[in-house]
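# A closer look at the structure
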Amino acid sequence: MHNNVISDIKDQRTLTSAATQSFLSKPLKMLIGGAWEDSVSGDCLDVVDPASGISLNAVPKGNAADIDRAVLSARKAFEGAWKQTLPVHREKLLLKLADLLEQKADEFAELETLDAGKLLTMSRYGDVEIAINSIRYMAGWATKIEGTTISPSFPYVPGVRFSASTRREPIGVVGQIIPWNFPLVMAVWKIAPALAAGCTVVLKPAEDTPLSALRLGELIMEAGFPEGVVNIVTGGGDVGAALVEHPDVDKIAFTGSTEVGQEIQRRAAKTMKRLSLELGGKSPVIILKDADIASAVRGAAEAVFFNNGQVCTAGSRLFVERPIYDAVLEGLAEVADGFKLGSGFNADTQMGPLISAKQQERVNRYIELGKSEGGRLIAGGNAVEGNGFFVRPTVFADTQSNMAIRREEIFGPVLSASAFDDVSEAIDQANATPYGLGASVWTNNLSLCNQITPAIKAGTVWINCHNLLDPAVPFGGYKMSGYGKELGRSPVDLYTESKSITTALV
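Within each chain, residues carry numbers counting from 1 in the order of the written sequence. The predicted nature of this model means local features are confined to residues of pLDDT at least 70 and side-chain atom pairs, given and counted, to a pLDDT of 80 or more, with totals for whole chains, interfaces and linings taken over all residues. Note that water and hydrogens are dropped before the side-chain values are worked out from all heavy atoms of the structure.

Per an unreviewed UniProt entry, the recorded name for the protein chain is Aldehyde dehydrogenase family protein, and the organism is Kordiimonas pumila. UniProt positions are given in the numbering used here, feature names are shortened, and annotations may be inferred rather than shown by experiment. Recorded in UniProt under Sequence similarities (unreviewed entry), the annotation for the protein chain is "Belongs to the aldehyde dehydrogenase family."

So this is what it looks like as structure tokens:
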């Protein structure tokens, strides 16, 4: 075993608090209509710790019948108790939920580290903090949703004057499907804006990481939300398909792969559901020759290796201006080879496992493909044996545009790098992808920044930083990275319909 890989990880539940162990020791159930329920079939799914391969617990394996129950519950709440809840009371409930989450922050951090393999410090001061702040930010929008007044003309109706206005109304019952890379944050980013807008929710957590969503469901009930406002159904892809196709679901909000997003579009067409889709990416990182090399190396490494590369905006394509190309690549190889892999509960660990054996297989397959395609391997590239699902951070130099490792989303710690000679070439290479989620530019030249930033076809462009998100800043993609912005004011539009009202003043 490589000396920077911490092996032989045991049952990590023993490393957690009494509260976390208590949660994990009880039978876990789905939240439907304010009650904790088993699946109709009685079937269950194992929840596995990706660092050790040990089963943590089991959750119900839902099916279409469970979705029927959850949607019925959400519809009843939408037409009843939740519709009667004043905006200021929706705001107070969300703020109460944020307070409860803050009180339980350490417990949620432990759950995220166990379930998703994250570093404990990242879970606590990244994921959980972002979730708390996002709930509080979206709570404020509950009392600020507004319409407009218009003075229409209607010249073809002489002698009559009119007034017109618009109002925004909650879209209804929302089905929400979230991924496994940021389980708590994704749940909050979906649930909070929907509730602020007055919608009710049926949430399907990722099959691999349901724990924090179920624990969040307990806090939702403790905060005092009416029964049925939030329902949580665990299960696999058939649960998601049933949610998308359900005739009484008004909208689907999905974060995940582009391939699944395309399938959701096809299935949703039958009922013309509203959709918001935050999908895959293959984000470019552009380093210009005037950039500080040490800062750019650190930034490029963090861009692609953050959260083990399991980030939709991972900076997995690196373009470096030729005069500093060798120095940047040398620095990246040193950083990658120095990473310590192991348990997220170990303070020395710098990178945890991938989420599953399936994902580990996928990433290793791409690494082998990169070798066979002719990429020059300068770091990593070797499989990690053991019970956990680890992959060493890997860097390929001198990659070409036709290589799969440069074209396709890998969702793991694999970087493909190449050199460029002028800015227009860097822009062309950055845009040579069907994706358009994120990008970053590293330079001290403001003039070049102003030239490059508007030319890059991506929903977010970071300057001298990468992967930074804030509840107030909209986030979403161009092209095949999806549509419908999350964060900021944008979700108000995602979870409401605009109604026009015209009145004849007689």
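### Some remarks on the overall build of the protein chain
Only DSSP runs of H or I reaching four residues or more are called helices, and only runs of E reaching two or more are called strands; each is numbered from the N terminus. Scanning the protein chain for helices and strands turns up 16 helices and 22 strands. For 506 residues, the compact-globule formula gives about 23 Å, and the C-alpha radius of gyration of the protein chain, at 24 Å, lands near that figure. If one aligns the C-alpha atoms of the protein chain with their principal axes, the spans along those axes are about 75 × 60 × 40 Å. Exposure is judged per residue with a 1.4 Å probe applied to protein chains only, and the accessible area is read against the type maximum: over 50% gives exposed, under 20% gives buried, and values in between give partly exposed. Residues counted as buried form 57% of the 506 residues belonging to the protein chain. Each radius of gyration is computed over the set of C-alpha atoms, and the globule rule expresses the reference value as 2.2 Å times the number of residues to the power 0.38.

### Thoughts on the environment of Asp326
You can see Asp326 is positioned in helix H11 (residues 322-338). In this structure the C-alpha to C-alpha distance between Asp326 and Arg161, which are 165 residues apart in sequence, comes to 72 Å.

### Examining the UniProt feature "active site" (unreviewed entry) in the protein chain
Here, the residues flagged by UniProt with the feature "active site" (unreviewed entry) are Glu278. In this fold, Glu278 is placed in strand E11 (residues 274-278).

### Observations concerning the pattern of salt bridges
One side-chain nitrogen of Lys or Arg within 4 Å of one carboxyl oxygen of Asp or Glu is enough to make a salt bridge. Counted according to the given criterion, the structure contains 30 salt bridges. With a closest N to O distance of 2.9 Å, Asp106 and Arg124 form a salt bridge. Of the two residues, Asp106 sits in helix H4 (residues 105-116) while Arg124 sits in helix H5 (residues 120-139), which places them 18 residues apart along the sequence. In this structure Arg124 comes out as buried when scored by relative accessible area, which is 16%. For Arg376, the salt bridge is made with Asp398, and the minimal N-O distance between the two is 2.8 Å. On the criterion of sequence distance, the pair formed by Arg376 in strand E14 (residues 376-379) and Asp398 in the loop between strand E15 (394-397) and helix H13 (404-407) is long-range, its members being 22 residues apart. Of the residues examined, Arg376 reaches a relative accessible area of 41% and is grouped as partly exposed. According to the relative accessible area criterion, Asp398 is partly exposed, its value standing at 31%.

### So, H5
With 20 residues, H5 extends 27 Å between its outermost C-alpha atoms, agreeing within 8% with the 28 Å of an ideal straight helix rising 1.5 Å per residue. The largest bend in H5 comes to about 25 degrees, at Glu129. Taken together, the buried positions of H5 are occupied by Met122, Ser123, Arg124, Gly126, Asp127, Val128, Ala131, Ile132, Ser134, Ile135, Met138 and Ala139. One less than the residue count of a helix, multiplied by 1.5 Å, gives the span that helix is expected to have. The angle between axes fitted to the seven-residue stretch ending at a residue and the seven-residue stretch beginning at it gives the bend at that residue.

### As for the packing of aromatic side chains
Two aromatic rings, drawn from Phe, Tyr or Trp (for Trp, its six-membered ring), form a pair once their centres lie within 6.5 Å of each other, and the interplanar angle then sorts them: stacked below 30 degrees, edge-to-face above 60, tilted otherwise. Under the counting rule described, the total for this entry stands at 7 aromatic pairs. Ring centres 4.8 Å apart and planes at 70 degrees place the aromatic pair Phe154 and Phe162 in the edge-to-face group. On the basis of relative accessible area, Phe154 is assigned to the partly exposed category, the value being 25%. Over the face of the ring belonging to Tyr495 we find Lys251, whose NZ or CZ atom lies 5.2 Å from the ring centre. Only when the NZ of Lys or the CZ of Arg is both within 6 Å of the ring centre and within 35 degrees of the ring normal is a charge said to sit over the ring.

### Remarks on the sheet that holds strand E18 (residues 438-442)
In a beta sheet, neighbouring strands are held together by backbone hydrogen bonds and run either parallel or antiparallel to one another. Here 7 strands make up an open sheet; going across it, the order is E14-E15-E16-E13-E12-E18-E19 and the pairing mixed. At either end of the open sheet lies a strand with only one pairing partner, and these are E14 and strand E19 (460-463). If you compare each strand with its neighbour and ignore which way they point, the axes differ by 25 degrees on average. Here strand E12 (residues 284-287) pairs with E18 via 3 bridges, running parallel. In the strand pairing of E18, Ile286 is matched with Val441. Taken strand by strand, helix H10 (residues 293-305) contacts E12, strand E13 (317-321), E15, strand E16 (414-420) and E18, and its axis lies near 175 degrees from that of E12. In this fold H11 packs onto E12, E13, E14, E15 and E16, with an angle of close to 140 degrees to the strand it touches most, E13. Strands are labelled as partners when DSSP assigns at least two bridges between them. Throughout, an axis means a line fitted to C-alpha atoms (over the contacting stretch in the case of helices), and angles, computed between N-to-C directions, take values from 0 to 180 degrees. Residue contacts are defined here by distance: any two heavy atoms, one from each residue, within 4.5 Å place the two residues in contact.

### With respect to the sheet that holds strand E22 (residues 496-505)
The sheet built from 3 strands is open, its strands ordered E5-E6-E22 with antiparallel pairing. Bordering the open sheet on either side are strand E5 (148-150) and E22, each of which pairs with just one other strand. Averaged over all adjacent pairs, the angle separating strand axes in this sheet is 20 degrees, with direction ignored. Alignment of E5 against strand E6 (residues 161-170), held across 3 bridges, turns out to be antiparallel. Opposite Thr148, over in E6, you have Thr166 as the bridge partner.

### Regarding the pairing of strand E10 (residues 251-255)
Judged by how many residues are buried, E10 sits mostly within the fold: 5 of 5 residues are covered. On E10, burial covers both faces: Lys251, Ala253 and Thr255 on one face and Ile252 and Phe254 on the other are all buried. Bridge count between strand E7 (residues 173-177) and E10: 4 bridges; the pairing is parallel. Across the sheet, Gln176 pairs through a bridge with Ala253, a residue of E10. Two strands pair when backbone bridges link them, and E10 and E11 are joined in this way by 5 bridges, in the parallel orientation. Across the sheet, Ala253 pairs through a bridge with Ser276, a residue of E11. By definition, the crossover connecting two strands over a helix is right-handed if that path, from the first strand to the second, turns clockwise as seen with the strands pointing away from the viewer. Each parallel crossover has a hand, and for E10 linked through helix H9 (residues 258-268) to E11 it is right-handed.

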